[in-house]
Amino acid sequence: MQLIETIAGLREVLAEARRQGLKVGLVPTMGYLHEGHASLITRAKEECDVVVVSVFVNPLQFGPHEDLDRYPRDLERDAQLATKSGAAILFHPSAQEMYPSQVLTTVSVQQVTDRLCGASRPGHFDGVATVVLKLLNIVLPDRVYFGLKDYQQVRVISRMVSDLNVPVQIVPCPTIREPDGLAKSSRNVYLTAQDRQAALVLSNSLRELQKLVSAGERNAALLQSRLTEWISSEPLARIDYVEILDSEKLEPVSCETAEIVAAVAVYFGQTRLIDNAVIDAEGRPFYAADSNEIKNSSRQGNRS
Ligand code: AMP
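Residues numbered from 1 in each chain as written. Predicted model: local features only at pLDDT ≥ 70, side-chain atom pairs only at ≥ 80, totals over all residues. Heavy atoms only, no water.

## Here's the deal with the side chain of Asp67
Working step 1: Within the element layout of this structure, Asp67 appears in the loop between strand S3 (50-55) and helix H3 (75-85).
Working step 2: A polar contact of 3.0 Å, which involves the side chain of Asp67, links it to the side chain of Tyr190.
Working step 3: Apart from residues no more than four positions distant in its own chain, Asp67 is found in contact with Phe62, Arg187 and Tyr190. (Helix = DSSP H or I, 4+ residues; strand = E, 2+ residues; numbered from the N terminus. Polar contact = N/O pair within 3.5 Å; in protein donor to acceptor, adjacent residues only side chain to side chain. Contact = heavy atoms within 4.5 Å.)

Quick look at the structure:
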């Protein structure tokens, strides 16, 4: 596998690959790779001839009080895991290489960024969309791979690619979890043993929510309050957001909603973890209800 640190160097290698008619896949990451990233690389290798993994901790997507400086890094380990998973190129540019002068142009995707992490982390998705468009313009991949663990990111990038006619196919990939259910994340290393245990409340609660829907519940407000209750029952959990939204629009459930996303962001100590579950209506649509209806239905037990 080749480690490439400059845009010009990467373009040269990829131009040759394209001349040979090879299909290029891109897996953008911030490094400190784990099995979640590996699953994207493996999938890319199955579908493309040349797989480029980018490792770049993008300053543009971090807020002033976020974890940019302490974000975990281990390039040697990343190179091993990327090679093992089938990557041909590890692109690791410096911040100076990616942003040689003040950034005067950014990409801003509206509406799908109004809620969830878009609301909690102002400017975050402008940073994400901008760096992803830069990477797409640098690599010119046929396909680009993203994890559904970052559900809103997939929606934002899909919208950007469609609105701006970017010639690339987006491949969303399922969330990879630890055996006990915790979604794999580079940030899991921040967790103390106690917080690590407490964090299981996320995947457990999302699983319970799925059961509630399977049992017939379609009231979005009730689903949201149940999910909030379950997560709040963990004393070490501090909720940033718990939301049930239309999975496509990332807006509150309407009569057109055939599929919801239950998305959560929760602090354990200083560490903010996100997780989600996408749940379809199985032919019986979801609906929004006011709080009185929820109270009534709570009293009666779960509506079905
Ligand atoms: P990150 O390095 O956290 O920016 O993630 C890079 C890519 O890997 C993104 O598309 C993430 O959604 C994806 N990813 C991160 N964690 C997981 C996971 N547990 N399962 C699947 N994909 C993941």
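So that's the structure; there's more coming.
## Details of the domain arrangement of the protein chain
Working step 1: Taken domain by domain, the protein chain comprises domain 1 (2-173) and domain 2 (186-297).
Working step 2: On a C-alpha basis, the centres of domain 1 and domain 2 stand 27 Å from each other.
Working step 3: Contact residues are listed per partner, giving 22 residues for domain 1 and 21 residues for domain 2.
Working step 4: Counting each side, the surface lost to burial between domain 1 and domain 2 is near 2,000 Å², with a carbon and sulfur contribution of 52%.
Working step 5: Three residues stand out in domain 1 for area buried against domain 2, namely Arg115, Leu116 and Tyr151, and they jointly supply 33% of the buried area on that side.
Working step 6: Counting every contact that joins domain 1 to domain 2 gives two salt bridges. (Domains from an automatic or database assignment. Buried area = accessible area lost by both parts, 1.4 Å probe. Salt bridge = Lys/Arg side-chain N within 4 Å of Asp/Glu carboxyl O.)

## Quick word on the packing of aromatic side chains
Working step 1: Counting across every chain of the model gives two aromatic pairs.
Working step 2: Consider the rings of Phe56 and Tyr99, whose centres lie 6.1 Å apart with planes at 45°: the pair is tilted. In this pair, Phe56 is assigned in the loop between S3 and H3 and Tyr99 in the loop between helix H4 (95-98) and helix H5 (116-120), connecting sequence segments 43 residues apart. Both residues of the pair, Phe56 and Tyr99, count as buried.
Working step 3: Just above the ring of Tyr32 sits the side chain of Arg77; from NZ or CZ to the centre is 4.9 Å.
Working step 4: Over the aromatic face of Phe286 sits the side chain of Arg218, whose NZ or CZ is 5.5 Å from the ring centroid. (Phe/Tyr/Trp six-rings, centres within 6.5 Å; stacked < 30°, edge-to-face > 60°. Buried < 20%, exposed > 50% of the residue type's maximum accessible area, 1.4 Å probe, protein only. Lys NZ or Arg CZ within 6 Å of the ring centre and 35° of its normal.)

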